[in-house]
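Remarks on the overall topology
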Amino acid sequence: MQFRSIAIPLARVPKAERPNIILVLTDDQDLHMNSLSHTPLIQKRLIDEGTLYKRHFCTTAVCCPSRASLWTGKLAHNTNVTDLNPPYGGFPIFVKNGHNENYLPVWLQQSGYNTYYTGKMFNAHTIWNYDSPHLKGWNGSDFLLDPNTYDYWNATTQRNHDAPENHLGEYSTDVIAKKALGFLADASASDKPFFLGIAPIAPHSNVNSTILNPVKGPDDDVPVSDDLFRVNIPKAAKRHEHLFPDVKVPRTDNFNPDKPSGADWIRRQPKLKPEHVEYNDRHYRGRLQALQAVDELVDELFDRLEEYGLLDNTYIFYTTDNGFHIGQHRLQPGKECGYEEDVNVPLIVRGPGVPKGEVAEVVTAHVDLAPTFLSLAGSALRADFDGTPIPLSTSELAASSTTREHVNIEYWGWAISEGKWGFNGGEDKRIYNNTYKSLRVINEDYNLYYSVWCTNEHELYDMTTDPGQLTNLLHPDESSAKAQTFILGYPVEKVIPRLDALLFVLKSCKGSTCSQPWRSLHPQGNVGSLRDALSPRYDVFYEQQAKVEFNYCDAGYLIPAEGPQFESDGAVYWEHSQWSDWT
């Protein structure tokens, strides 16, 4: 079967007929620990009346890089925002790399939309640098600012060009809800279509900063991650603290497994002790409790849309920046991994023409959201988008079998424990060299995860038979499983070169190459899927391709560390002391 891109009409629509767009963006919300099943109002308002995209992925499993990709439609290796703080990420690097003049709200304003935003935008967006410069593109904004972004009961916000305001004793999500409803009232009073972004911090871990509150000490269960910050269980609004007293992290096969799994530092984690598991269950309950105020926010949002007569012409998107793990692969609470819990995230869409109560199988990613929003606005898509518009209507979803089957996931730098304990059964809260490139390939006949770490260790999981990613077919301990595994009737040894070549293109792709990587490998257009590529006629071709490998581990996207790179003309180059052709 050959794959193609869906052509979505981009002819400009009269302003009065163009839809409004609302994005609700939570922080660290999981899909695989059933958080959505504990939000009944989101179920009623969004899932029952819209479409749940079950195969939606972030492309970098941590806040700021993921958000930069969402707002620009570009993968992290093209935004070069790859961390939470400088020198490799955060708000200052987003600005330094030129994105403040070139991201979604700016483009929407150019298309005639009013734009509003409240909540968390970026890490390292602080009370000290919020005006250096102000974020562009917003008719109205009210941002959460560091160092109190993640303090549920001590938020600091900053409206438009005003000075920051502290909200000690107020619940953060309720503060954001009030501001969001105020912006919705402003938007409804204009004859222009609008975009409204709402970004509460739930269910992110609570972070108390001693920078502004030097006398505020940790709770009994709050570990010290450094001299300035205290990280602990997410905090609920008082009205929700009693909920879910007996709920526990779902005991899936990959929850605290008896045998090690994964690769690199993850495979070295010891089995969690009973006290770890008990604490992690409390952390999980805190996440669910914190989401209840978001559930109420969404419900109130719909009440106001109905009151203003806007609901029938408004698309509502609900997603999160990245996923989360608690206990899977023996891990303490956190994210930053390439496994399904961290990268396969909620996406729900409700709006005109979107099927009601459907679950879509189409493969989508955060880099598709900006193209989707511009498409809905009737604006031309940018040539440098790494993503493509998400199929929304019944007819587009019916054609989804002809869209892409892949998502590439990338990460640089560290992983952090947000629980009471550190890694390897000790106190170390950070793991360095958590740098990897990975790939998800999903079709009706195969479901695969392939990755290469900066240590050049490899992973491959057949997720049709191993959804918990417990058996790394490329680890020496799993040789018997590897010998028994066939994909589309072919042994693993034949599949690996195809996956590696696909990842090789994607790890440095730009623009349409990211959504159509097979075309770069086969310019004649006769290969559009892994199934096509597995034809025996290509065996020699794939065995001769350059392989994905790192020269060394580094904390950011630094070309000298990245190994051989694929050029758009099909050439390959390698960084030594200087650039040179390599074949």
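Reading the values: rules and limits
Residues numbered from 1 in each chain as written. Predicted model: local features only at pLDDT ≥ 70, side-chain atom pairs only at ≥ 80, totals over all residues. Heavy atoms only, no water. UniProt positions renumbered as here; feature names shortened; annotations may be inferred. Buried < 20%, exposed > 50% of the residue type's maximum accessible area, 1.4 Å probe, protein only. Disulfide = S-S within 2.5 Å. Helix = DSSP H or I, 4+ residues; strand = E, 2+ residues; numbered from the N terminus. Polar contact = N/O pair within 3.5 Å; in protein donor to acceptor, adjacent residues only side chain to side chain. Contact = heavy atoms within 4.5 Å. Phe/Tyr/Trp six-rings, centres within 6.5 Å; stacked < 30°, edge-to-face > 60°. Lys NZ or Arg CZ within 6 Å of the ring centre and 35° of its normal. Axes fitted to C-alpha atoms, helices over the stretch in contact; angles between N-to-C directions. Parallel < 35°, antiparallel > 145°, perpendicular 65-115°, else oblique. Left-handed = near helix turned anticlockwise from the far one by under 90°. Nonpolar A, V, L, I, M, F, W, Y, C, P; charged D, E, K, R; others polar. Pairing = 2+ DSSP bridges. Salt bridge = Lys/Arg side-chain N within 4 Å of Asp/Glu carboxyl O.

Bringing the UniProt feature "modified residue: 3-oxoalanine (Cys)" (unreviewed entry) in the chain into the picture now. Mapped onto this structure's residue numbering, the UniProt feature "modified residue: 3-oxoalanine (Cys)" (unreviewed entry) falls at Cys63. Look at Cys63 and you get buried, because its relative accessible area is 2%.

Let us now look at the state of the cysteines. Inspection of the entire model under this criterion finds two disulfides. With a sulfur-sulfur separation of 2.1 Å, Cys454 is cross-linked through a disulfide to Cys553. Residues Cys454 and Cys553 share a disulfide whose torsion about the S-S bond is about 90 degrees; that sign makes it right-handed. Of the two residues, Cys454 is situated in the loop between β19 (446-453) and β20 (458-462) and Cys553 in the loop between α17 (539-543) and β23 (565-566); the sequence distance between them amounts to 99 residues. For the chain, numbering the cysteines in disulfides from first to last along the sequence yields the connectivity 1-4, 2-3. Unpaired in this structure, Cys58 has its nearest cysteine sulfur neighbour in Cys63, at a distance of 10 Å.

Right, let's get into the side chain of Ser508. On the secondary structure map, Ser508 appears in the loop between α13 (492-506) and α14 (512-515). Among the residues examined, Ser508 registers a relative accessible area of 11% and is labelled buried. Looking at Ser508, its side chain comes within polar contact range of the main-chain oxygen of Phe566, at 3.5 Å. Apart from residues lying up to four places away in sequence, Ser508 is in contact with His77, Tyr557, Gln565 and Phe566.

In this section: unusual backbone geometry. For the peptide bond that leads from Pro86 to Pro87, omega is 15 degrees, which places it in the cis range. A positive phi angle, close to 60 degrees, is found at Ala124, a residue other than glycine. Looking at the secondary structure, you find Ala124 in the loop between β4 (114-119) and β5 (140-144). One non-glycine residue, Asp264, lies in positive phi territory at about 50 degrees.

To continue, consider the packing of aromatic side chains. Applying the stated criterion to the full structure yields 24 aromatic pairs. Centre to centre, the rings of Tyr117 and Trp138 are 5.2 Å apart; their planes meet at 45 degrees, and the pair counts as tilted. Taken together, the residues Tyr117 in strand β4 and Trp138 in the loop between β4 and β5 connect sequence positions 21 residues apart. Like Tyr117, the residue Trp138 is buried in the burial classification. Ring-pair connections join several aromatic residues into one group, and the members of that group are Trp71, Tyr117, Trp138, Phe143, Phe195, Phe317 and Phe373. We note Lys238 situated over the ring of Trp153; from NZ or CZ to the ring centre the distance is 5.4 Å.

We now examine the packing of helix α6 (residues 172-188) against helix α8 (residues 274-307). One can describe the packing of α6 onto α8 by two numbers: an axis separation of 10 Å at closest approach and a directional angle of 15 degrees. Between α6 and α8, the interaxial angle falls into the category roughly parallel. The element α6 and its partner α8 pack so that their crossing is right-handed. Across the interface between the two elements, Thr173, Asp174, Ala177, Leu181 and Leu184 from α6 touch Ala293, Val294, Leu297, Glu300, Leu301, Arg304 and Leu305 from α8. Of the residues contributing to the contact of α6 with α8, the split by class is eight nonpolar, one polar and three charged.

With that settled, the discussion passes to the sheet that holds strand β11 (residues 314-320). One open sheet accounts for 10 strands, arranged β7-β6-β5-β4-β8-β1-β11-β12-β2-β13; its pairing is mixed. For this open sheet the edge positions go to β7 (165-168) and β13 (358-360), each flanked by a neighbour on one side alone. On average, adjacent strands in this sheet sit at an angle of 20 degrees to one another, irrespective of strand direction. Seen against the sheet, helix α10 (residues 369-376) touches β1 (20-26), β8 (194-199), β11 and β12 (347-350) and runs at an angle of roughly 175 degrees to β11.

This paragraph deals with the side chain of Asp28. Residue placement: Asp28 occurs in the loop between β1 and α1 (40-47). Residue classification places Asp28 among the buried positions, given a relative accessible area of 0%. Beyond its immediate chain neighbours, meaning those up to four positions away, Asp28 contacts Cys63, Pro203, His204, Arg287, Thr320, Asp321, Asn322, Gly323, Phe324, Lys335 and Glu418.

Let us look at the pattern of salt bridges. Pairing between side chains becomes possible if they bear opposite charge and their charged atoms approach one another. Applying the stated criterion to the full structure yields 34 salt bridges. Residues Glu478 and Lys259 are paired through a salt bridge, measuring 3.1 Å at the closest nitrogen-oxygen approach. Remark: Lys259 occurs in the loop between β10 (229-232) and α7 (264-267) and Glu478 occurs in the loop between β20 and α12 (479-483); sequence separation between them is 219 residues. Across the salt bridge formed by Arg304 and Glu300, the nearest N and O atoms sit 3.0 Å from each other. Separated by four residues within a single helix, Arg304 and Glu300 lie in helix α8, roughly one turn from each other. Taking relative accessible area as the criterion, Glu300 reaches 28% and is therefore assigned partly exposed.

It is worth spelling out the pairing of β11 at this point. Most of β11 sits inside the fold, with seven of its seven residues counted as buried. Burial of β11 is two-sided: the residues Thr314, Ile316, Tyr318 and Thr320 facing one way and the residues Tyr315, Phe317 and Thr319 facing the other way are all buried. As defined by bridge partners, β1 adjoins β11 across seven bridges and the pair is classed as parallel. Looking at β11, one finds that Leu23 is bridged to Phe317.

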